[in-house]
Amino acid sequence: MSTPHWYPLVETPAYVMLATLVLLPTVVTVPIYVQMIGISTLVIFLGSARAVHKFISQKAGDKSVEPREVIKRGSVFRFPIVASCTLICLFLAFKYLPKQIVSFCLTFGSLSMATFNAALMYSALIAESKIAPKKFTDSIPKLKNWAEISPMDILCVLGVIPVAAWYWYKKHWLPNNVLSTSLALTSVEAMALADFQSAAILLCGLFFYDIFWVFGSTKVFGDNVMVSVAKQFDGPIKLVFPRFLRAGPSDQSMLGLGDIVIPGFFIALILRYDAERFQKRLKYSEKPIFFYTVIVFYFLGLASTYLALLLFHAAQPALLYLVPACLLSVLVLAVVLGELKNLFMYAESEEEASKKKEDGSAESKKKAEGNNSTEGTNESKKAK
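This report concerns the structure included in the present document.

Criteria and thresholds
- Sequence positions are assigned chain by chain, starting from 1 and proceeding in written order.
- The model is predicted, so local features are restricted to residues of pLDDT at least 70 and side-chain atom pairs to those at 80 or more, both for listing and for counting; the totals for chains, interfaces and linings are taken over all residues.
- As a rule here, side-chain values come from all non-hydrogen atoms in the structure, and water together with hydrogens is ignored.
- For every residue, the accessible area (1.4 Å probe, protein chains only) is compared with the maximum for its type, and the residue is labelled buried under 20%, exposed over 50%, or partly exposed between those bounds.
- Helix and strand definitions follow DSSP, with helices as H or I runs of at least four residues and strands as E runs of at least two, each counted in order from the N terminus.
- Any two strands with at least two DSSP-identified bridges between them are counted as paired.
- Nonpolar core, defined: a set of buried Ala, Val, Leu, Ile, Met, Phe, Trp, Tyr and Cys residues in which side-chain atoms within 4.5 Å join the residues together.
- Any two residues having at least one pair of non-hydrogen atoms within 4.5 Å are treated as being in contact.
- The rule for a salt bridge is simple: a side-chain nitrogen of Lys or Arg has to be within 4 Å of a carboxyl oxygen of Asp or Glu.

Across the two faces of strand β4 (residues 252–256) the burial differs, with S253 and L255 buried and Q252, M254 and G256 not buried at all. The pairing of strand β3 (residues 238–242) with β4 spans five bridges and is antiparallel. Opposite P242, over in β4, you have Q252 as the bridge partner.

Dropping the structure here:
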């Protein structure tokens, strides 16, 4: 696979901007909309850039790149149902079980996952930057049969544990955001949707999921299930934005990681579609035009979410604004460029491609058998 002219994307300034936005509210007051929109957009940009790096490297035959976890069509259909069941279980657990036990279990589980994700991300960044000797970033030979672990992985885990301990004891927004941004970024990088149709189905399903659990759940359960769980779940599964210096819990806004990761899966897929467009030398393929378009509209969708929050003074389902912004912007651009069919048929999973080939060959066999049987009957009629 030939490398697109626009690859690699400019990542280093984006990392610097992300770190600045995460740390800056500790010393000066940063408007919530700047924190929310800036951090979310940068996480998706960097996650998509890392995902397309894996994609291009795998296409080039680099076997050292870890395979991505592909979200298949069946999982896409089940996702809103499973997410709804999980949300109900959490709501009922907080309502009827001892809150201390529930909070302990959920915090410990989510914090452990976020800690190891953050450590592995920092280890990978150090290895890519080549600032550490190769012996620290290479896997330990004695552990290769068990797992691919490098000395840098161990050092990064030890370095992140104090951040996790700070969150565990203080529930401060800063360690929460450090761990949450790492978790969201690695999720967008490591997981991939199989094809465009699956991505569209996932977005549409979660569009209705988010609307119901934010706006409709009060009539059914007597409480806003989504907001209730989000406020009681102490763990790095959301971004927290302080309104001013030394802001307490009542002076903070939040954004669930799902509102970053789910659109992030879609936007990362679109960037990989841009890489495929370059291979086919399609119109305007010298630049990742689809990616730039969708990430700008994600930015605008999140800005619309914040504006609605200010206007209605109530929690808003972010996917209500993000899904139309992301999905429609890509579809309209595809229509303008005459690529709607290419976009709809885009699939990058080898399993999906082989399945389509098998379906096509099965249909051709059926047609051939039908033609043969028709010819046979015609010949028998002539003989009679």
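Still more to cover.
Let's shift gears to the nonpolar core. Counting residues in hydrophobic clusters, the biggest one holds 98 residues, and the most contacted among them are F196, I260 and F266. Apart from residues lying up to four places away in sequence, I260 is in contact with S40, V43, I44, A184, L239, L255 and Y298.

A separate point is the side chain of T305. By the element assignment, T305 lies in helix α11 (residues 289–312). Accessibility expressed as a relative area gives 7% for T305, which makes it buried.

Under the criterion given, the structure shown has nine salt bridges. Here R277 makes a salt bridge to E339, at a shortest N to O gap of 2.8 Å. Placement of the pair is R277 in helix α10 (residues 258–280) and E339 in the loop between α12 (319–337) and α13 (340–345), with a sequence separation of 62 residues. One exposure class covers both R277 and E339, and it is buried. Linked through salt bridges whose partners overlap, the residues forming this network are R50, E128 and E189.

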